[in-house]
Amino acid sequence: MRNFIISTDSTGDLPNSYLEENNILIHPLYYIVDGEEYIPGVKDMPVKDFYQALKNGKMPTTSAANPENVMEKMKEQVEKGYDILHISFSSRLSSSYNTTEICAESVMEEFPESKIIVVDSLSGTVGQGFLVMKAVEMKNQGKTIDEISTWLNENKKHIIHEFIVSDLNHLFRGGRLSKSQAVIGTVLNINPILHMDDQGKLANISKVRGRKKALNVLADNIEKNADIKKLKEVFISHGDCIDDAEYLADRIKNKYGIKNIMIQDICPTIGAHTAQGTVVVAYFGEKR
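This one's a predicted model, so the numbers in the text were calculated from it and none came from an experiment.

Before going further, it helps to examine helix H9 (residues 211-220). In terms of residue burial, H9 counts as a mostly covered element, since 7 of its 10 residues are buried. Of all the residues in H9, the buried ones are Arg 211, Ala 214, Leu 215, Asn 216, Val 217, Leu 218 and Ala 219. Considering only its buried residues, H9 is in contact with strand E8 (159-164), strand E9 (190-196), strand E10 (202-209), helix H10 (222-225), helix H11 (242-256) and strand E13 (279-284).

Using the criterion set out here, one finds 6 aromatic pairs in the structure. Centroid distance Tyr 31 to Phe 50: 5.7 Å. Interplanar angle 75°. Geometry classified as edge-to-face. Separated by 19 residues along the polypeptide, Tyr 31 in strand E3 (residues 30-33) and Phe 50 in helix H2 (residues 47-55) bring together distant segments of the chain. Tyr 31 sits in the buried class, given a relative accessible area of 0%. Feature note: the residues Tyr 31, Tyr 38, Phe 50 and Tyr 51 constitute an aromatic cluster, connected by ring pairs. Taking NZ or CZ as reference, Lys 139 lies 4.9 Å from the ring centre of Phe 4, over its face.

This part is about the sheet that holds strand E7 (residues 116-120). If you walk across this open sheet you meet the 4 strands as E2-E1-E6-E7, and the pairing is parallel. Edge positions in the sheet fall to strand E2 (25-27) and E7, since each of these pairs with one other strand and no more. Mean inter-strand twist for the sheet, computed between neighbouring axes without regard to direction, equals 20°. Along the sheet, helix H3 (residues 67-79) makes contact with strand E1 (4-9), E2, strand E6 (83-88) and E7, crossing E2 at roughly 160°.

With that out of the way, let us pick up the pairing of strand E11 (residues 233-238). Along a regular strand, successive side chains alternate from one face of the sheet to the other. Counting buried positions along E11 yields 5 of 6 residues, so the element is predominantly enclosed. Where E11 lies against strand E12 (residues 260-265), 6 bridges are found, and the strand directions are parallel. From the neighbouring strand, Val 234 faces E12, where its bridge partner is Ile 261. In the classification by handedness, the crossover that spans E11, the intervening H11 and the parallel E12 is right-handed.

Residue placement: Phe 130 occurs in helix H5 (residues 125-140). Residue Phe 130 is classed as buried on the basis of its relative accessible area of 6%. The spacing of Phe 130 and Asp 44 is 86 residues in sequence and 23 Å in space, taken between C-alpha atoms. Once residues within four sequence positions are removed from consideration, Phe 130 is found in contact with Ile 159, Glu 233, Phe 235 and Phe 284.

The rules behind each value
Residues numbered from 1 in each chain as written. Predicted model: local features only at pLDDT ≥ 70, side-chain atom pairs only at ≥ 80, totals over all residues. Heavy atoms only, no water. Buried < 20%, exposed > 50% of the residue type's maximum accessible area, 1.4 Å probe, protein only. Helix = DSSP H or I, 4+ residues; strand = E, 2+ residues; numbered from the N terminus. Contact = heavy atoms within 4.5 Å. Phe/Tyr/Trp six-rings, centres within 6.5 Å; stacked < 30°, edge-to-face > 60°. Lys NZ or Arg CZ within 6 Å of the ring centre and 35° of its normal. Pairing = 2+ DSSP bridges. Axes fitted to C-alpha atoms, helices over the stretch in contact; angles between N-to-C directions. Right-handed = clockwise from strand over helix to strand, strands pointing away.

Here it is in structure tokens:
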């Protein structure tokens with residue numbers, strides 16, 4: 001049986017030290033600011049600078065993984081004798097999953113002895129990262145590429161993502177809210193509570209008035225969505241609002257006694273659509 005590597009898109013928001021330590025191959029999703037293209041892991045804009053650009057009124061755009069680069073990286077690993085398990089950003093939020101699937105089929109035709117499995121995570125940011133970490137854990141336990149991909153596909157809809165944003169106009173620009181909803185919500189200080197649904201799309205589940213109350217709802221919803229006795233870890237990501245992320249982490253620790261909480265920045269590729277002030281909480285639960 002051939003050894004295999006794990007790869008994922010740059011939208012998983014995992015620490016670079018973890019990615020390097022576990023030899024995780026990254027397929028970057030690009031972002032463009034002021035006409036200049038940035039490639040995560042190759043040519044990056046510091047996260048602080050990116051969110052400051054948003055505050056200054058810049059409107060970045062993004063693009064999916066480059067097929068030529070995906071093919072090149074896959075061939076390089078296959079030629080070294082590795083199979084590949086790729087965990088992609090949600091197919092309902094990016095075309096990268098479809099691109100990677102097509103590239104994988106092409107490489108396997110050229111190298112029939114190889115196996116490349118592409119899993120649609122139906123997740124993003126630290127929810128996607130959670131699945132990558134689970135895959136690494138299972139690999140270290142000696143599980144096969146097929147056993148891991150089966151587990152991921154059977155359990156990916158158990159990864160709960162709930163989040164809030166501070167700039168409703170970015171959700172309007174991305175087609176998630178109407179213009180009137182964005183204007184009224186901003187004036188009335190209404191914070192929509194959103195989540196990733198079973199199709200991997202963003203959906204509005206409730207509305208809360210006031211930022212602090214919205215953060216509390218994110219924490220309180222955990223016991224509605226998960227078995228607290230079995231919950232070992234919680235993942236939080238944020239768009240340049242570390243104080244809010246730490247407040248949420250402290251509330252979760254104090255309310256549930258969960259100590260294993262990872263806090264990460266939301267990468268620019270996702271931040272271009274969610275903007276500064278976004279806070280995401282992700283964990284393994286009963287259902288989305």
